[in-house]
Amino acid sequence: MNLPNLIVSILIGYLIGSLPIGYLLGRTKGIDVRTIGSGRTGGTNVYRALGARLGLLTGVLDFAKGAVSVLLIRSFFGDEAAAALAGAAAVAGHNWSIFLGFKGGAGGSTAAGALLALNPLAGAIVVPIFVLILFVGRIASVATLWVGAGSVVAILLLHVINPVATPLSQLLFAVPAMVLIAISLRPNIERLLNGTERRVNFKQPKAGAP
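Note that the structure is a prediction, hence the values are computed from the model and not measured.

Details of the overall build of the chain
Move 1: Scanning the chain from terminus to terminus reveals 10 helices and zero strands.
Move 2: The linear arrangement of helices and strands in the chain, starting from the amino end, is α-α-α-α-α-α-α-α-α-α.
Move 3: Radius of gyration (C-alpha) of the chain: 16 Å, near the 17 Å computed for a compact globule of 210 residues.
Move 4: Overall size of the chain, expressed as C-alpha extent along the three principal axes, is 50 × 30 × 25 Å.
Move 5: A buried classification covers 49% of the 210 residues belonging to the chain.
Move 6: Summing over all exposed atoms, the chain offers an accessible surface of approximately 9600 Å²; the carbon and sulfur share of this is 70%.
Move 7: When the 16 basic and 6 acidic side-chain charges of the chain are each reduced to a single mean position, those positions are 12 Å apart.

Okay, structure coming up:
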(Lines give C-alpha, C1' and ligand atoms only; values in the text may rest on other atoms or scores of the structure.)
Protein backbone atom coordinates (compact mmCIF):
# COMPACT_ATOMS: atom_id res chain seq x y z
CA MET A 1 0.00 0.00 0.00
CA ASN A 2 1.23 3.47 -0.93
CA LEU A 3 0.06 5.88 1.78
CA PRO A 4 0.02 9.04 -0.40
CA ASN A 5 -2.03 7.17 -3.01
CA LEU A 6 -4.48 6.02 -0.35
CA ILE A 7 -4.89 9.58 0.95
CA VAL A 8 -5.45 10.92 -2.58
CA SER A 9 -7.94 8.13 -3.22
CA ILE A 10 -9.94 9.01 -0.12
CA LEU A 11 -10.00 12.70 -1.02
CA ILE A 12 -11.08 12.09 -4.60
CA GLY A 13 -13.74 9.59 -3.57
CA TYR A 14 -15.06 11.97 -0.95
CA LEU A 15 -15.28 14.90 -3.36
CA ILE A 16 -17.05 12.83 -6.01
CA GLY A 17 -19.45 11.47 -3.41
CA SER A 18 -20.08 14.99 -2.12
CA LEU A 19 -21.63 16.12 -5.41
CA PRO A 20 -25.18 16.93 -4.20
CA ILE A 21 -27.15 15.49 -7.10
CA GLY A 22 -30.56 15.43 -5.41
CA TYR A 23 -30.16 18.92 -4.03
CA LEU A 24 -29.15 20.31 -7.44
CA LEU A 25 -32.04 18.59 -9.22
CA GLY A 26 -34.41 20.00 -6.62
CA ARG A 27 -33.06 23.50 -7.21
CA THR A 28 -33.89 23.20 -10.92
CA LYS A 29 -37.52 23.01 -9.77
CA GLY A 30 -37.16 25.70 -7.13
CA ILE A 31 -37.34 23.18 -4.29
CA ASP A 32 -34.85 22.51 -1.52
CA VAL A 33 -35.31 18.80 -0.87
CA ARG A 34 -33.67 19.24 2.53
CA THR A 35 -36.87 20.90 3.73
CA ILE A 36 -39.09 17.95 2.75
CA GLY A 37 -39.64 14.52 4.24
CA SER A 38 -36.47 13.09 5.76
CA GLY A 39 -34.45 16.12 4.73
CA ARG A 40 -31.98 13.88 2.89
CA THR A 41 -30.80 14.41 -0.66
CA GLY A 42 -30.98 10.81 -1.89
CA GLY A 43 -33.31 9.29 -4.44
CA THR A 44 -36.08 8.30 -2.02
CA ASN A 45 -36.54 11.78 -0.62
CA VAL A 46 -36.21 13.38 -4.06
CA TYR A 47 -38.95 10.99 -5.18
CA ARG A 48 -41.17 12.27 -2.39
CA ALA A 49 -40.37 15.88 -3.20
CA LEU A 50 -40.17 15.87 -6.99
CA GLY A 51 -41.74 12.67 -8.29
CA ALA A 52 -40.58 9.49 -9.97
CA ARG A 53 -38.51 10.83 -12.87
CA LEU A 54 -36.18 13.01 -10.82
CA GLY A 55 -36.15 10.51 -7.97
CA LEU A 56 -34.95 7.77 -10.31
CA LEU A 57 -32.43 10.11 -11.95
CA THR A 58 -31.05 11.01 -8.54
CA GLY A 59 -30.69 7.34 -7.63
CA VAL A 60 -28.90 6.52 -10.90
CA LEU A 61 -26.48 9.45 -10.60
CA ASP A 62 -25.80 8.71 -6.93
CA PHE A 63 -25.07 5.12 -7.97
CA ALA A 64 -22.68 6.46 -10.62
CA LYS A 65 -20.79 8.50 -8.00
CA GLY A 66 -19.78 5.33 -6.20
CA ALA A 67 -18.90 3.44 -9.38
CA VAL A 68 -16.90 6.31 -10.87
CA SER A 69 -14.92 6.77 -7.65
CA VAL A 70 -13.82 3.13 -7.63
CA LEU A 71 -13.11 2.86 -11.36
CA LEU A 72 -11.23 6.15 -11.50
CA ILE A 73 -8.90 5.29 -8.63
CA ARG A 74 -8.37 1.76 -9.90
CA SER A 75 -7.35 3.17 -13.29
CA PHE A 76 -5.03 5.71 -11.66
CA PHE A 77 -3.24 3.46 -9.19
CA GLY A 78 -4.14 -0.15 -10.02
CA ASP A 79 -4.55 -0.73 -6.30
CA GLU A 80 -7.58 -2.57 -4.91
CA ALA A 81 -7.10 -1.11 -1.43
CA ALA A 82 -7.07 2.42 -2.85
CA ALA A 83 -10.14 1.68 -4.98
CA ALA A 84 -11.95 0.23 -1.97
CA LEU A 85 -11.17 3.27 0.18
CA ALA A 86 -12.33 5.58 -2.62
CA GLY A 87 -15.67 3.77 -2.68
CA ALA A 88 -16.07 4.11 1.08
CA ALA A 89 -15.08 7.78 0.88
CA ALA A 90 -17.72 8.34 -1.79
CA VAL A 91 -20.35 7.04 0.62
CA ALA A 92 -19.03 9.40 3.30
CA GLY A 93 -19.14 12.29 0.86
CA HIS A 94 -22.69 11.49 -0.17
CA ASN A 95 -23.85 11.28 3.43
CA TRP A 96 -21.91 14.31 4.67
CA SER A 97 -21.31 16.50 1.64
CA ILE A 98 -18.80 19.31 1.99
CA PHE A 99 -21.04 21.32 -0.36
CA LEU A 100 -24.10 21.04 1.92
CA GLY A 101 -22.62 21.78 5.34
CA PHE A 102 -21.78 18.09 5.86
CA LYS A 103 -25.31 16.85 5.31
CA GLY A 104 -26.67 14.65 2.54
CA GLY A 105 -28.24 11.26 2.02
CA ALA A 106 -27.97 7.77 3.47
CA GLY A 107 -25.56 6.22 1.00
CA GLY A 108 -27.41 3.19 -0.32
CA SER A 109 -27.22 3.93 -4.04
CA THR A 110 -23.67 5.27 -3.85
CA ALA A 111 -22.52 2.20 -1.92
CA ALA A 112 -24.28 -0.09 -4.41
CA GLY A 113 -22.49 1.58 -7.31
CA ALA A 114 -19.13 1.35 -5.56
CA LEU A 115 -19.65 -2.34 -4.74
CA LEU A 116 -20.66 -3.25 -8.28
CA ALA A 117 -17.56 -1.52 -9.67
CA LEU A 118 -15.25 -2.96 -7.02
CA ASN A 119 -16.52 -6.53 -7.20
CA PRO A 120 -19.14 -7.20 -9.90
CA LEU A 121 -20.00 -10.63 -8.50
CA ALA A 122 -20.59 -9.23 -5.01
CA GLY A 123 -22.63 -6.48 -6.61
CA ALA A 124 -24.67 -9.06 -8.51
CA ILE A 125 -25.53 -10.64 -5.16
CA VAL A 126 -26.28 -7.47 -3.20
CA VAL A 127 -27.80 -5.01 -5.69
CA PRO A 128 -30.78 -7.14 -6.88
CA ILE A 129 -31.75 -7.79 -3.25
CA PHE A 130 -31.44 -4.04 -2.58
CA VAL A 131 -33.84 -3.34 -5.45
CA LEU A 132 -36.21 -6.11 -4.32
CA ILE A 133 -36.36 -4.81 -0.75
CA LEU A 134 -36.88 -1.25 -1.97
CA PHE A 135 -39.62 -1.90 -4.50
CA VAL A 136 -41.37 -4.86 -2.87
CA GLY A 137 -40.83 -4.18 0.83
CA ARG A 138 -40.99 -0.41 0.20
CA ILE A 139 -38.83 0.41 3.23
CA ALA A 140 -35.91 2.42 1.89
CA SER A 141 -33.93 2.32 5.13
CA VAL A 142 -33.95 -1.50 5.23
CA ALA A 143 -32.81 -1.65 1.61
CA THR A 144 -30.00 0.79 2.37
CA LEU A 145 -28.90 -1.06 5.49
CA TRP A 146 -28.82 -4.26 3.45
CA VAL A 147 -26.34 -2.71 1.00
CA GLY A 148 -23.90 -2.06 3.83
CA ALA A 149 -24.30 -5.38 5.64
CA GLY A 150 -24.71 -7.37 2.44
CA SER A 151 -21.47 -5.97 1.03
CA VAL A 152 -19.53 -7.32 4.00
CA VAL A 153 -21.24 -10.72 3.80
CA ALA A 154 -20.81 -11.05 0.03
CA ILE A 155 -17.13 -10.09 0.05
CA LEU A 156 -16.32 -12.45 2.91
CA LEU A 157 -18.21 -15.29 1.22
CA LEU A 158 -16.52 -14.70 -2.14
CA HIS A 159 -13.12 -14.42 -0.47
CA VAL A 160 -13.59 -17.86 1.07
CA ILE A 161 -14.54 -19.26 -2.34
CA ASN A 162 -11.75 -17.50 -4.27
CA PRO A 163 -9.28 -15.39 -2.26
CA VAL A 164 -7.46 -14.22 -5.39
CA ALA A 165 -10.54 -12.86 -7.14
CA THR A 166 -11.89 -11.26 -3.94
CA PRO A 167 -9.04 -9.97 -1.77
CA LEU A 168 -9.76 -9.03 1.82
CA SER A 169 -8.64 -5.49 0.98
CA GLN A 170 -12.12 -5.00 -0.48
CA LEU A 171 -13.38 -4.96 3.10
CA LEU A 172 -11.78 -1.50 3.26
CA PHE A 173 -14.86 -0.49 1.33
CA ALA A 174 -17.48 -2.78 2.80
CA VAL A 175 -16.90 -2.36 6.53
CA PRO A 176 -16.67 1.47 6.52
CA ALA A 177 -19.66 1.68 4.15
CA MET A 178 -21.73 -0.48 6.51
CA VAL A 179 -20.80 1.72 9.48
CA LEU A 180 -21.35 4.99 7.61
CA ILE A 181 -24.78 3.89 6.43
CA ALA A 182 -25.79 2.75 9.91
CA ILE A 183 -24.69 6.05 11.45
CA SER A 184 -26.63 8.03 8.86
CA LEU A 185 -29.75 5.92 9.43
CA ARG A 186 -29.83 6.01 13.23
CA PRO A 187 -33.26 7.75 13.35
CA ASN A 188 -34.62 5.21 10.87
CA ILE A 189 -33.25 2.31 12.89
CA GLU A 190 -35.05 3.65 15.96
CA ARG A 191 -38.30 3.86 13.99
CA LEU A 192 -37.76 0.34 12.64
CA LEU A 193 -37.37 -0.96 16.18
CA ASN A 194 -40.52 0.93 17.20
CA GLY A 195 -42.48 -0.27 14.18
CA THR A 196 -43.08 3.28 12.95
CA GLU A 197 -40.76 3.46 9.94
CA ARG A 198 -42.36 4.95 6.82
CA ARG A 199 -42.90 3.00 3.62
CA VAL A 200 -42.33 4.47 0.18
CA ASN A 201 -45.53 4.98 -1.83
CA PHE A 202 -44.62 4.14 -5.41
CA LYS A 203 -48.18 4.51 -6.66
CA GLN A 204 -49.07 8.07 -5.81
CA PRO A 205 -45.99 10.25 -5.24
CA LYS A 206 -46.84 13.80 -4.28
CA ALA A 207 -44.41 16.67 -4.37
CA GLY A 208 -43.80 17.86 -0.86
CA ALA A 209 -45.28 14.75 0.77
CA PRO A 210 -43.83 14.02 4.22
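Here the narrative resumes.
Quick notes on the nonpolar core
Move 1: Counting 37 residues, the largest nonpolar core has Val91 and Phe173 as its most contacted members.
Move 2: Elements with a contribution of two residues or more to this core: helix H4 (52-77), helix H5 (80-95), helix H6 (108-118), helix H7 (120-137), helix H8 (140-161) and helix H9 (171-184).
Move 3: With seven residues, the top contributor of residues to this core is H8.
Move 4: Beyond its immediate chain neighbours, meaning those up to four positions away, Val91 contacts Gly107, Thr110, Ala111, Phe173, Ala177, Leu180 and Ile181.
Move 5: Listed in part, the eight residues of the second largest apolar core include Val33, Val46, Leu50 and Leu54.

Concerning helix H3 (residues 43-50)
Move 1: Where burial is concerned, most of H3 is hidden: seven out of the eight residues are buried.
Move 2: For H3, the full list of buried residues reads Gly43, Asn45, Val46, Tyr47, Arg48, Ala49 and Leu50.
Move 3: Looking at the buried side of H3, the elements it contacts are helix H2 (21-28) and H4.

Observations concerning the packing of aromatic side chains
Move 1: Applying the stated criterion across every chain yields a total of one aromatic pair.
Move 2: Ring geometry for Phe76 and Phe77: centres 6.2 Å apart, planes at 70 degrees, overall edge-to-face.

Quick word on a nonpolar patch on the surface
Move 1: Taken together, the side chains of Leu15, Leu19, Ile98, Phe99 and Phe102 make up a nonpolar region of the molecular surface, amounting to roughly 480 Å² of accessible area.
Move 2: Here Phe99 is to be found in the loop between H5 and H6.
Move 3: Look at Phe99 and you get partly exposed, because its relative accessible area is 48%.

A few points about the pattern of salt bridges
When their charged atoms lie close together, side chains carrying opposite charge are able to pair.
Move 1: Scanning the entire structure with this criterion turns up five salt bridges.
Move 2: Across the pair Asp32 and Arg34 runs a salt bridge whose closest N-O atoms are separated by 2.9 Å.
Move 3: Between Arg191 and Glu197 there is a salt bridge whose closest N-O contact spans 2.8 Å.
Move 4: Salt bridges linked by common partners bring Arg27, Asp32 and Arg34 together as one network.

Regarding the environment of Gly104
Move 1: Looking at the element boundaries, Gly104 is found in the loop between H5 and H6.
Move 2: When the C-alpha atoms of Gly104 and Ile189 are compared, they prove to be 17 Å apart, with 85 residues separating the residues in sequence.
Move 3: Once you skip the residues sitting within four places of it in the chain, Gly104 turns out to touch Gly39, Arg40, Thr41, His94 and Asn95.

Here we look at unusual backbone geometry
Move 1: If you check the backbone angles, Phe102 has positive phi at about 60 degrees while not being a glycine.
Move 2: By secondary structure assignment, the location of Phe102 is in the loop between H5 and H6.
Move 3: Residues other than glycine seldom take positive phi values, yet Arg138 does so here, at roughly 60 degrees.
Move 4: Among the structural elements, Arg138 can be located in the loop between H7 and H8.
Move 5: Classification of Arg138 by relative accessible area gives partly exposed; the value is 31%.

Rules and cut-offs
- Residues numbered from 1 in each chain as written.
- Predicted model: local features only at pLDDT ≥ 70, side-chain atom pairs only at ≥ 80, totals over all residues.
- Heavy atoms only, no water.
- Helix = DSSP H or I, 4+ residues; strand = E, 2+ residues; numbered from the N terminus.
- Rg over C-alpha atoms; globule rule 2.2 N^0.38 Å.
- Buried < 20%, exposed > 50% of the residue type's maximum accessible area, 1.4 Å probe, protein only.
- Areas by Shrake-Rupley, 256 points an atom, 1.4 Å probe, with all protein chains shown as cover.
- Lys, Arg positive; Asp, Glu negative; His and termini not counted.
- Charge placed at Lys NZ, Arg CZ, Asp CG, Glu CD.
- Core = buried A, V, L, I, M, F, W, Y, C linked by side-chain atoms within 4.5 Å.
- Contact = heavy atoms within 4.5 Å.
- Phe/Tyr/Trp six-rings, centres within 6.5 Å; stacked < 30°, edge-to-face > 60°.
- Patch = residues over 30% accessible without salt bridge, like charges linked within 9 Å, V, L, I, M, F, W, Y side chains within 5 Å.
- Salt bridge = Lys/Arg side-chain N within 4 Å of Asp/Glu carboxyl O.

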